[in-house]
Amino acid sequence: MEKSESIKNLAIALCKFQGTVETIVKTATNPFFKSKYANLADILDVIREPLQVNGLSFVQFPEGESGLTTMLMHESGEHITATYIMKPVKNDPQGQGSAITYQRRYALGAILGLNIDDDDDGNNASKQPAPPRQQATTPTPIKKEELTPKHPKWLGAIEALVNNTTTISKIRVKYELTQTNEELLLSEATK
């Protein structure tokens, strides 16, 4: 940032401007982030008269390949100037124009202390890209082994029931058990 030797008068005028400028209505919608913002035309309409009443004016102009310089001036000759660079996504005339408009909005908002869009607490700027979505699949049920008197674990199941180290419910979780085989298992465990 560059500034004149003194910015006392500019600071007083900016303070008065900020106290009198109307709320800027956010009429535009960003479909990507689903947020509202004030477009450049709305900002200019709201700030023009309060700037003039307080002896303030501004100029903005492209600088270099992707820069924008904004200078806020006071009628006393005091000024503050800032330049920043923003690379357009598409480097064609439409992309350049869009980037300049975007820069102008944010530079005016910053230098004048305006509330021009929804505050997301920096979330969108710091958000990691979302991982690619996977299609939901229905899990394939795992077929359990059927526990029958011929199964190698049949006698171990009876012994575990006798020693109270398992229950019939736990056996049902692990094995498929028909009503007949469950009754047979329980009867052998209670002999």
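Before reading on, note that the structure itself is shown above.
For clarity, every value in this text was computed on a predicted model and none was experimentally measured.

Asks: What am I meant to see in the pattern of salt bridges here?
Replies: For side chains of opposite charge, pairing can occur when their charged atoms come near one another. Under the criterion given, the structure shown has one salt bridge. Across the salt bridge formed by Glu 182 and Arg 172, the nearest N and O atoms sit 3.0 Å from each other. One end of the pair, Glu 182, is in helix 7 (residues 179-189); the other, Arg 172, is in helix 6 (residues 168-174), and ten residues separate them in sequence.

Asks: How should helix 2 (residues 40-53) be read in this particular structure?
Replies: Residues that lie three or four places apart on an α-helix share one face, since the helix turns once every 3.6 residues. Between its terminal C-alpha atoms helix 2 stretches 20 Å, which fits the 20 Å expected from 14 residues at 1.5 Å a residue. Roughly 35° is the biggest bend found in helix 2, and it falls at Ile 47, with proline Pro 50 one to four residues downstream. Taken together, the buried positions of helix 2 are Leu 40, Ile 43, Leu 44, Ile 47, Pro 50 and Leu 51. Buried residues along helix 2 sit against helix 1 (8-20), strand 4 (56-63), strand 5 (67-74) and helix 3 (93-112). Sitting at the amino-terminal end of helix 2 is Asn 39, which places a side-chain oxygen 3.2 Å from the backbone nitrogen of Ala 41. Phi for Gly 55, located one or two positions after helix 2, is positive at around 75°.

Asks: When you look at the packing of helix 5 (residues 154-162) against helix 7 in this model, what are you seeing that I'm missing?
Replies: Between two packed helices, both the angle of their axes relative to each other and the distance between the axes serve to describe the pair. At a closest axis distance of 9 Å, the pairing of helix 5 and helix 7 adopts a crossing angle of 55°. One finds that helix 5 runs oblique with respect to helix 7. Our pair here, helix 5 against helix 7, has a crossing hand that is right-handed. Touching Trp 154, Ala 157, Ile 158, Leu 161 and Val 162 of helix 5 are Asn 181, Leu 184, Leu 185, Leu 186, Glu 188 and Ala 189, all from helix 7. For the contact of helix 5 with helix 7, the per-class residue count stands at nine nonpolar, one polar and one charged.

Asks: Hey, could you run me through the packing of aromatic side chains in this one?
Replies: Ring pairs (aromatic) are described by centroid distance and by the angle formed between their planes. Scanning the model with the defined rule gives one aromatic pair in all. The interplanar angle of 40° and the centroid separation of 4.7 Å between the aromatic rings of Tyr 102 and Tyr 106 together place this pair among those described as tilted. Note that Tyr 102 and Tyr 106 are positioned in helix 3 at a spacing of four residues, about one turn of the helix.

Asks: Explain unusual backbone geometry here, please?
Replies: Excluding glycine, a negative phi dihedral is what most residues carry, and trans is how most peptide bonds are arranged. Although it is not a glycine, Asn 164 adopts a positive phi angle of roughly 55°. In this fold, Asn 164 is placed in the loop between helix 5 and helix 6. A residue is classified by how much of its surface remains accessible, and Asn 164, at 68% relative accessible area, is exposed.

Asks: Looking at this structure, how should I read helix 1?
Replies: Along its 13 residues, helix 1 runs 19 Å from first to last C-alpha, staying within 8% of the 18 Å computed at 1.5 Å per residue. Where helix 1 is buried, its residues touch helix 2, strand 4, strand 5, strand 6 (79-85) and helix 3.

Asks: Can you help me understand the environment of Asn 30 in this one?
Replies: Structurally, the position occupied by Asn 30 is in strand 2 (residues 28-30). Under the relative-accessibility criterion, Asn 30 is labelled partly exposed at 23%.

Asks: Quick question: what am I supposed to make of the side chain of Thr 69 here?
Replies: Looking at the element boundaries, Thr 69 is found in strand 5. There is a polar contact of 2.7 Å between the side chain of Thr 69 and the side chain of Glu 63. Contact partners of Thr 69, with chain neighbours within four places excluded, come to Val 59, Gln 60, Phe 61, Glu 63, Thr 81, Ala 82 and Thr 83.

What counts, and where the lines are drawn
Here the residue index of a chain counts from 1 through its sequence in written order. In view of the model being predicted, local features appear only for residues whose pLDDT reaches at least 70, and side-chain atom pairs are presented and counted only at 80 or more, with totals across whole chains, interfaces and linings using the full set of residues. Think of the side-chain values as coming from all heavy atoms in the structure, minus any hydrogens and water. Whenever Lys or Arg places a side-chain nitrogen within 4 Å of a carboxyl oxygen from Asp or Glu, that contact is recorded as a salt bridge. Secondary structure elements follow DSSP: runs of H or I of four or more residues count as helices, runs of E of two or more count as strands, with numbering from the N terminus. Given the number of residues in a helix, its expected span is that number minus one, multiplied by 1.5 Å. Two axes define the bend at a residue: one fitted to the seven residues ending there, one fitted to the seven starting there, and the bend is the angle between them. A simple rule labels every residue: compare its accessible area, found with a 1.4 Å probe on the protein chains alone, to the largest value its type can have, and call it buried under 20%, exposed over 50%, or partly exposed in between. Between two residues, a contact is recorded if the distance between any of their heavy atoms is within 4.5 Å. The definition of a polar contact used here is a pair of N or O atoms within 3.5 Å, where within protein one atom must be able to donate a hydrogen and the other to accept one, and adjacent residues in sequence count solely through side-chain atom pairs. Each axis is a line fitted through C-alpha atoms, taken for helices only over the stretch in contact, and angles between the N-to-C directions span 0 to 180 degrees. Here the angle decides the label: under 35 degrees means roughly parallel, over 145 means roughly antiparallel, 65 to 115 means roughly perpendicular, and every other value means oblique. Crossing handedness is read from the near helix: turned anticlockwise from the far helix by less than a right angle, it gives a left-handed crossing, and turned clockwise, a right-handed one. The nonpolar class holds Ala, Val, Leu, Ile, Met, Phe, Trp, Tyr, Cys and Pro. Asp, Glu, Lys and Arg form the charged class, and all remaining residues, Gly among them, are polar. Each aromatic pair joins two rings of Phe, Tyr and Trp (for Trp, the six-membered one) with centres within 6.5 Å, and gets the label stacked for planes under 30 degrees apart, edge-to-face for over 60, and tilted for any other angle.

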